[in-house]
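Residue-level structure breakdown
Here are the chains, one letter per residue:
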Amino acid sequence: MAENEDGQERTEDASEKKLADSRKKGQVPRSKELTTMMVTLSGAAILLFTGAQLAAALQNLLASSLSPSFLIAADEHEIAGRLYQTLVRGLLTIWPLLVVAIIAVVFSSTILGGWTFNLSVKPERMDPIKGVAKLFSLRSLGELAKALMKMVFIGAAAVFLLSGLADDILGLGLQEPKEAIKNSASLLVWFFFVVSLPLLAIAAIDVPWQLWNYHKELRMTRQEVRDEHKESDGRPEVKAKLREMQQAAANNRMMEKVPTADVIITNPTHFAVALKYDEARMAAPMLLAKGADNIAAKIRELANEHDVPIVESPRLARAVFASTDLDAEIPGGLYLAVAQILTYVYQLRSWETLGGEYPEPPEPEVDDAFLKDLL
């Protein structure tokens, strides 16, 4: 089991903070075998599809470069210009192969750990003692095992392919030079492709190994985890973010109860409180939600969406807001005022069902003692 300098075992997975810090330092999982496999196989695939055209273009380029008209020049400047043109033509000929190789390198290098760029110099990497120690580390043993696997797998593929193509290879000597060159190029492309296939197996083994080794090296001791939690919890911005998240969660839970309220009492714009009274289960009306300004507006909006009655009573709304906690019963001094509001709501429902005389909204009296915190 890995240990730190204090002898404590690294048994805990790396935290998000440690992973982020590691990424900032450029320490991300990478697989050289994955890059080798993707570059080699993508290049072989491109040669299989465009090899004939590429060979013909290079053949024409070589023929024109060796022609007498090309080699005979009036001065050295003309020769330099022709060589430059030949170089440009050669690059333009093989550009699909170059582009595919570059894409393969970038994609395979970023697929595991993403894109990072770090120019920092680490003096500990130049420590010869640590360098010698790494030669006998688990990572070095893994690299040795991969090298042996590549030698075995690729060697076996080469032997298998050579034994199958022995007659074709020997037959090249009996063909016309032009035909022999064409057929040998085709054989080389297939040989390149088949010999590259074992790299798939090697990459399939190396990628999980690199990921496992990366997370293993970043493991933390329990003390490091506790210290990190203390450091994170002690930051003002972290505490503020936690409070913000807790407040948002509390507001969401509160808003879910608004549609079940019996009445919303408003200021009318600055305050809003949602009350519910169930005579069979409650000794007094209970405050389900309350809010000021934007939250009050949201409460009114939800009330309108769910047909919850809204009654304007500025002093009572402010009194309930200041004196009552969420999910608590209103104080006894507000029983009469709230009862008048609930009676008015019941009368409204009766009027909507049976008709008759429209009920007059009440004007409940509220003791100034309930408003002292808002005055």
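It should be noted that the structure appears before, not after, this text.
Cut-offs and rules
- Residues numbered from 1 in each chain as written.
- Predicted model: local features only at pLDDT ≥ 70, side-chain atom pairs only at ≥ 80, totals over all residues.
- Heavy atoms only, no water.
- Phe/Tyr/Trp six-rings, centres within 6.5 Å; stacked < 30°, edge-to-face > 60°.
- Helix = DSSP H or I, 4+ residues; strand = E, 2+ residues; numbered from the N terminus.
- Buried < 20%, exposed > 50% of the residue type's maximum accessible area, 1.4 Å probe, protein only.
- Core = buried A, V, L, I, M, F, W, Y, C linked by side-chain atoms within 4.5 Å.
- Contact = heavy atoms within 4.5 Å.
- Pairing = 2+ DSSP bridges.
- Axes fitted to C-alpha atoms, helices over the stretch in contact; angles between N-to-C directions.
- Parallel < 35°, antiparallel > 145°, perpendicular 65-115°, else oblique.
- Nonpolar A, V, L, I, M, F, W, Y, C, P; charged D, E, K, R; others polar.
- Salt bridge = Lys/Arg side-chain N within 4 Å of Asp/Glu carboxyl O.

What follows is about the packing of aromatic side chains. Inspection of every chain in the model, using the stated rule, returns 2 aromatic pairs. Note on Trp-209 and Trp-212: the rings are 5.6 Å apart at their centroids and 35 degrees apart in plane angle, and the pair reads as tilted. One end of the pair, Trp-209, and the other, Trp-212, are both in helix 10 (residues 198-217), 3 residues apart, so they sit about a helical turn from each other. On the basis of relative accessibility, which here comes to 21%, the residue Trp-209 falls in the partly exposed class. Taking the relative accessible area as the measure of exposure, Trp-212 reaches 39% and is therefore partly exposed.

Attention now goes to the nonpolar core. In globular proteins that are soluble, nonpolar side chains generally tend to be buried together. Core analysis: the biggest nonpolar cluster contains 24 residues, and Val-263, Ile-265, Leu-275, Leu-316, Val-320, Leu-334 and Val-338 have the highest contact counts within it. Only strand 1 (263-266), strand 2 (271-276), helix 14 (314-323) and helix 15 (335-354) provide two or more residues apiece to this core. For this core, the element with the highest residue contribution is helix 15, accounting for 7 residues. Ignoring anything within four residues of it in the chain, the contact list for Ile-265 reads Phe-271, Ala-272, Val-273, Leu-275, Val-311, Ser-313, Leu-316, Ala-317 and Ile-341.

Right, let's talk about the side chain of Glu-33 for a bit. Relative to the helices and strands, Glu-33 resides in helix 2 (residues 32-65). In contact with Glu-33, not counting residues within four places along its chain, are Lys-146, Lys-150, Ile-202, Ala-203 and Asp-206.

Let us look at the environment of Val-100. Structurally, Val-100 can be placed in helix 5 (residues 95-110). Residues Val-100 and Ile-46, 54 residues apart in the sequence, show an inter-C-alpha distance of 8.0 Å. Once you skip the residues sitting within four places of it in the chain, Val-100 turns out to touch Ser-42 and Ile-46.

Right, let's talk about the sheet that holds strand 3 (residues 286-292) for a bit. To summarise the sheet geometry, strands pair through backbone hydrogen bonds and adopt either a parallel or an antiparallel arrangement. Within the open sheet, the 4 strands sit side by side as 3-2-1-4. Their pairing is mixed. Among the strands making up the open sheet, the edge pair consists of strand 3 and strand 4 (310-312). Neighbour-to-neighbour, the strand axes of this sheet turn through a mean angle of 20 degrees, independent of strand direction. Pairing analysis gives 4 bridges linking strand 1 to strand 2, with the strands arranged antiparallel.

This part takes up the packing of helix 9 (residues 177-196) against helix 10. For the pair helix 9 and helix 10, interaxial distance at closest approach is 4 Å and the crossing angle is 25 degrees. Judged by the angle between their axes, helix 9 and helix 10 are roughly parallel. Contacts between helix 9 and helix 10 involve Val-194, Val-195 and Ser-196 on the former and, on the latter, Pro-198, Leu-199 and Leu-200. Classifying every residue of the contact of helix 9 with helix 10 gives 5 nonpolar, 1 polar and no charged.

Within strand 2, 5 of the 6 residues are buried, which leaves the element mostly enclosed by the surrounding structure. Taken together, the 6 bridges between strand 2 and strand 3 define a ladder with antiparallel strand orientation. In the strand pairing of strand 3, Ala-274 is matched with Ala-289.

The next point concerns the pattern of salt bridges. Going through the model one piece at a time under the given rule, you end up with 2 salt bridges. Put simply, Asp-327 and Lys-257 hold a salt bridge, and the shortest N to O gap is 2.8 Å. Separated by 70 residues along the polypeptide, Asp-327 in the loop between helix 14 and helix 15 and Lys-257 in helix 12 (residues 236-257) bring together distant segments of the chain. Two residues, Asp-278 and Arg-281, come together in a salt bridge whose shortest N-O distance is 2.9 Å.

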